[in-house]
Amino acid sequence: MEDAGGENVEEHLQEVDEQYKASLPKLMGEDQAHRDPSRWWFASAAFPMVAGTLGPVASAFSICALVRPWRQNYTKGADIKTATFIKDPAWLIAINAVQLAIALSSNLALLLNMTRRLRFSVAQPVTIVGWYLSSICLIALASTTAGPLRPENNDFIWSEAYFYGIYAAVLYFVVASLMVVTVWGSQQGHYAKDFMLTPSQRTLMLQTISFLIYLLIGALIFSNTEGWNYLDGVYWAAVTLFTVGFGDYYPTSTLGRALLFPYSLVGIISLGLVIGSIRTLMLERGKKRLDARMVEKLRHRVLRKMAKKGKDGILTPIRDTHSDSPGLSSSSGLTEFQRRQSEFELMRKIQKQATHRHRWIALAISTSTWLVLWLVGAKVFQECERQYQQLTYFDTFYMAYVSLTTIGYGDITPISNAGKSFWVFWALLALPTMTVLISNAGDTIVKGIKDATDKVATVTILPSERGFKSEFKATFNALSHGKLFTEDIEESPPGIHGASQRHRYSSEENNDEGELAQDQADADAESANTGLIKQKQAKNARNEESHKRRVEGNAAEEDSGDRPDRAVRFDDSSTTSGKKGGNGRSKKMGNTDDEENPCDQNSNSTPQLPEMTRAVSIPRQDLPQSPMDPAEYHLRLIEEIGLVMQHLKSHPPRKYTFQEWAWYLRLIGEDESDAAKHRKPHAHLRSSKDELEGKERAKWSWVGSRSPLMSSQEEAEWILERLIETLTDELRGVKAARRKNEMKN
């Protein structure tokens, strides 16, 4: 680090300081992307996704409306299967074909836009206008058929094609209206003129189109093989691929039965892919955005409630601990670091409550939707079958239930044209809803039952590694809200991390060399492959331990309140003392047996960190110091970047403690003990935008709108991005200092 050493260090750090201060609003979330998408996610992503799914369904119904005439001769009491078709006028067929061509063009434009082959400004007018025209044409044709084209005698019925035309008109109008909202939102500047869709969301439209084409082609093949009406073949294909299997239509020929094997297998898999994609997008993508919106609303509600009751003093930064702080008495004994920790814990409670509430709201919405489809669908089936079957509401209620659950006894089935066509339309909506309902129930009711069963098992016949006694005490501690067995419970992380921690804390004389030797001995006892896995796990555990020591040491150092300069980025008081780099700085922490403690780079200024179990038990003189040398600081950033990259693989996503956040923020130049960059959050929604304006634009609160916990990114992603940006800025500063040094020489 000769380039940044000596007399150039101060210039180097001053340049980095200026660069960092200029980028600070961006680092701390100047953009409102973590809030606006939660409000406009439906318009920017959900609406196009729904349109891309239902648009092809409407086109499939348009095809069904074109292939057969819309009227049939029928005598009351006769078998509906013997009803003959009444030929449609040529102009009706022509208009029907034109609207289908327009609708297919609209679907193609939307697909090309989603795959980024056609511009948003071109594709959306084509899609919206085309779908509206198709809807208007179908509505006009249906009205004409029911009016001027109505036969003089009443011995006729409308065919399945007529009802498919009505369903297509409704769907075209709905999806076109959704896209109007999407375009309006982009015109208002709420999001870019592009779909905020992931690759999986874009492929959902392709999956839907593929499944519908497969269903229609299968219906054509089997209707010709078995001698069915084509639209009856569509009904049979839907009943088969949805695994309901009523049994009112089934193949009787040898060829039809032979073709059923590959057709049903491929079709059921294709349907599973479509439903799985819908479930994933609704429960993962939608859940993340809606969670963010719910956290935001709950946060404002909590802030307003605290301000109304006068309990928001804990949110006011403590500028001077020796004088009274507005809203918070100095007699409370809190330091700014402790106040920030309380603020952080409040935000965690808000997140937990919002997540819990969202799960139950999602369950209530999916349950209500499912019940509406069940109850309303049963009534529609009753009306459709009134002329042909004397079914009570309970009969159709029962039929709808066995259809929703795919039981499909087949004792009651729709036989009318309206009933069979409506069943296909209804099943396309009801079965995915059933899947989402089951998933939401798994996150709430089933999860609660599972957790309760596991807890009962751990205190009875299947105790965990902690032992029966510890689990018993932990259970009663939880049931008593922490009033019982408060001192007898010692939490330990699970898995290899916990094992490594228990091994480390069992003796104060244990060190990194002994731990590595033990890990190596365990690895040698296994096969070569297993040994490599154990070594990797042991390495990860040691890295986590080193990270934990740094975090705990930083927390104790912050909490002590007597460190002169807490922002590591701009502390150049000791840079010249370590400019040579030391003999241990080139080694990765926890990677070799004979390495030095990373905090022991300069024995004169930084004492070695002792083994510890609690941060508060460390003497003040033994606390780890911030890396003052640029080389050591860069090495520390690289080590933490590697560790956070491992955290990205965690499932569910890792949530960091306050001590960990304080450590990472300190690495990027933020200090949780310095109130100069902290502020009291606004308690009103309309004041949120003002937080980014004026002199206090760089100040933030853990429960404010610019809190890292309010970001749309996962916590590990947020930290990793800032660490990389910080390291990039540092290396750019080194490069600039080198150039200046070369120019001087």
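As the structure is a computational prediction, the values presented were derived from the model and not from experiment.

### Re the overall build of the protein
And then number 1: Helix and strand counts for the protein come out as 19 helices and 3 strands.
And then number 2: Of all 745 residues assigned to the protein, the portion counted as buried reaches 48%.
And then number 3: Split by element, the accessible area of the protein, about 36100 Å² in all, is 59% carbon and sulfur.

### Observations concerning a nonpolar patch on the surface
And then number 1: Residues Ile213, Ile217, Ile221, Leu255 and Leu259 make up a contiguous nonpolar surface patch of about 420 Å² in total accessible area.
And then number 2: Contributing elements (two or more residues each) for the nonpolar patch: α6 (199-226) and α8 (254-309).
And then number 3: Relative to the elements of secondary structure, Leu259 occurs in helix α8.

### Looking at empty space enclosed by the protein
And then number 1: Scanning all chains against the criterion turns up 5 cavities of 30 Å³ or more.
And then number 2: Counting only elements with at least two residues in the lining of the largest cavity, the list comes to α2 (36-67), α6, α7 (230-241) and α11 (417-443).

### Structural notes on unusual backbone geometry
And then number 1: The omega torsion across His651 and Pro652 is 0 degrees, close enough to zero to call that bond cis.
And then number 2: Note on placement: Pro652 falls in the loop between α17 (630-647) and α18 (658-667).
And then number 3: At Thr243, a position not held by glycine, the phi torsion is positive, near 60 degrees.
And then number 4: With respect to the helices and strands, Thr243 occurs in the loop between α7 and α8.
And then number 5: Residue class for Thr243 comes out partly exposed when judged on its relative accessible area of 40%.

### Thoughts on the sheet that holds strand β1 (residues 71-73)
And then number 1: Taken in spatial order, the 3 strands of this open sheet run β2-β1-β3, and their pairing is antiparallel. In the strand order of this sheet, the two ends are held by β2 (84-86) and β3 (156-158), each with one partner. Strand-to-strand twist of the sheet, defined as the mean angle between neighbouring strand axes without regard to direction, takes the value 40 degrees.
And then number 2: Bridging between β1 and β3 involves 3 bridges; their strand directions are antiparallel. Across the sheet, residue Gln72 finds its bridge partner in β3, namely Ile157.

### Thoughts on a positive patch on the surface
And then number 1: On the surface, a cluster of positive charge is contributed by Lys297, Arg301, Arg304 and Arg357.
And then number 2: Top element by residues in the positive patch is α8. It accounts for 3 residues.
And then number 3: Judged by relative accessible area, Arg357 falls into the partly exposed class, the value being 32%.

### Focus: the pattern of salt bridges
Opposite charge on two side chains makes pairing possible when the charged atoms of those side chains draw close.
And then number 1: A full pass over the atoms with the stated rule returns 14 salt bridges.
And then number 2: Residue Glu672 is joined to Arg340 by a salt bridge in which the shortest nitrogen-to-oxygen separation is 3.0 Å. Of this pair, Glu672 sits in the loop between α18 and α19 (715-744) while Arg340 sits in helix α9 (residues 336-384), placing them 332 residues apart in sequence. As far as the burial class goes, Glu672 and Arg340 line up, both buried.
And then number 3: For Glu715, the salt bridge is made with Arg348, and the minimal N-O distance between the two is 2.7 Å. With Glu715 in helix α19 and Arg348 in helix α9, the pair connects residues that are 367 residues apart, well separated along the chain. Assigned by exposure class, Glu715 and Arg348 land together as buried.

### Overview of the packing of aromatic side chains
A ring pair, where both rings are aromatic, is described by two values, the distance of the centres and the angle of the planes.
And then number 1: Summed over all chains, the structure comprises 40 aromatic pairs.
And then number 2: Aromatic pair Phe211 and Phe242: ring centres 6.4 Å apart, planes at 25 degrees, arrangement stacked. Residue Phe211 is located in helix α6, and its partner Phe242 is located in the loop between α7 and α8; the two are separated by 31 residues in the primary sequence.
And then number 3: The class of Phe211 is buried, set by a relative accessible area of 3%.
And then number 4: Between Trp661 and Trp702, the ring centres sit 5.5 Å apart and the planes meet at 75 degrees, which makes this aromatic pair edge-to-face.

### What about the packing of helix α5 (residues 160-187) against α11?
And then number 1: In the contact formed by α5 and α11, the axes pass within 8 Å of each other and the chain directions differ by 35 degrees. In this structure, α5 meets α11 at a crossing whose hand is right-handed. Side by side, α5 and α11 meet where Glu160, Phe163, Tyr164, Tyr167 and Leu171 of the first sit next to Asn417, Ala418, Lys420, Ser421, Phe422, Val424 and Phe425 of the second.
And then number 2: Among the residues forming the contact of α5 with α11, the class breakdown is 8 nonpolar, 2 polar and 2 charged.

### Structural notes on the nonpolar core
And then number 1: Residues Phe61, Tyr164, Leu215, Val234, Phe242, Trp423 and Trp426 are the most contacted members of the largest nonpolar core, which totals 87 residues.
And then number 2: Top element by residues in this core is α5. It accounts for 13 residues.
And then number 3: With 38 residues, the next largest nonpolar core counts Val302, Phe344, Ile641 and Leu720 among its residues.

### Examining the confidence of the model for the protein
And then number 1: The pLDDT averaged across the protein works out to 75; a share of 67% of its residues lies at or above 70.
And then number 2: Here helix α14 (residues 495-505) stands out as the element of the protein with the lowest mean pLDDT, 40, in contrast to α7, whose mean of 96 is the highest.
And then number 3: A low-confidence stretch, residues 562-625 (pLDDT under 50), is modelled with 132 contacts involving residues beyond four sequence positions or located in other chains.

### Thoughts on the environment of Ile86
And then number 1: Its place among the elements puts Ile86 in strand β2.
And then number 2: Judged by its relative accessible area of 18%, Ile86 is buried.
And then number 3: The sequence separation of Ile86 and Ser159 amounts to 73 residues, and the corresponding C-alpha distance is 9.6 Å.
And then number 4: Not counting residues within four places of it along the chain, the set of residues in contact with Ile86 comprises Pro69, Arg71, Gln72, Asn73, Pro151 and Phe156.

### Let's talk about the side chain of Glu385
And then number 1: Take Glu385: it is sitting in the loop between α9 and α10 (393-404).
And then number 2: No salt bridge is formed by the buried Glu385. Its closest oppositely charged neighbour is Lys420, at 8.3 Å.
And then number 3: Of the polar contacts made by the side chain of Glu385, one reaches the side chain of Ser416; its length is 2.7 Å.
And then number 4: In this structure Glu385 touches Leu391, Pro414, Ile415, Ser416 and Gly419, once residues within four positions along its chain are discounted.

Basis of the calculations
- Residues numbered from 1 in each chain as written.
- Predicted model: local features only at pLDDT ≥ 70, side-chain atom pairs only at ≥ 80, totals over all residues.
- Heavy atoms only, no water.
- Helix = DSSP H or I, 4+ residues; strand = E, 2+ residues; numbered from the N terminus.
- Buried < 20%, exposed > 50% of the residue type's maximum accessible area, 1.4 Å probe, protein only.
- Areas by Shrake-Rupley, 256 points an atom, 1.4 Å probe, with all protein chains shown as cover.
- Patch = residues over 30% accessible without salt bridge, like charges linked within 9 Å, V, L, I, M, F, W, Y side chains within 5 Å.
- Salt bridge = Lys/Arg side-chain N within 4 Å of Asp/Glu carboxyl O.
- 1 Å grid on protein atoms, 1.4 Å probe; cavity = no way out; pocket = protein on both sides within 12 Å on 5 of 7 lines; lining within 4 Å.
- Points joined across faces, edges and corners; volume = space filled by probe spheres on them.
- Pairing = 2+ DSSP bridges.
- Axes fitted to C-alpha atoms, helices over the stretch in contact; angles between N-to-C directions.
- Lys, Arg positive; Asp, Glu negative; His and termini not counted.
- Charge placed at Lys NZ, Arg CZ, Asp CG, Glu CD.
- Phe/Tyr/Trp six-rings, centres within 6.5 Å; stacked < 30°, edge-to-face > 60°.
- Left-handed = near helix turned anticlockwise from the far one by under 90°.
- Contact = heavy atoms within 4.5 Å.
- Nonpolar A, V, L, I, M, F, W, Y, C, P; charged D, E, K, R; others polar.
- Core = buried A, V, L, I, M, F, W, Y, C linked by side-chain atoms within 4.5 Å.
- pLDDT = per-residue confidence, 0-100.
- Polar contact = N/O pair within 3.5 Å; in protein donor to acceptor, adjacent residues only side chain to side chain.

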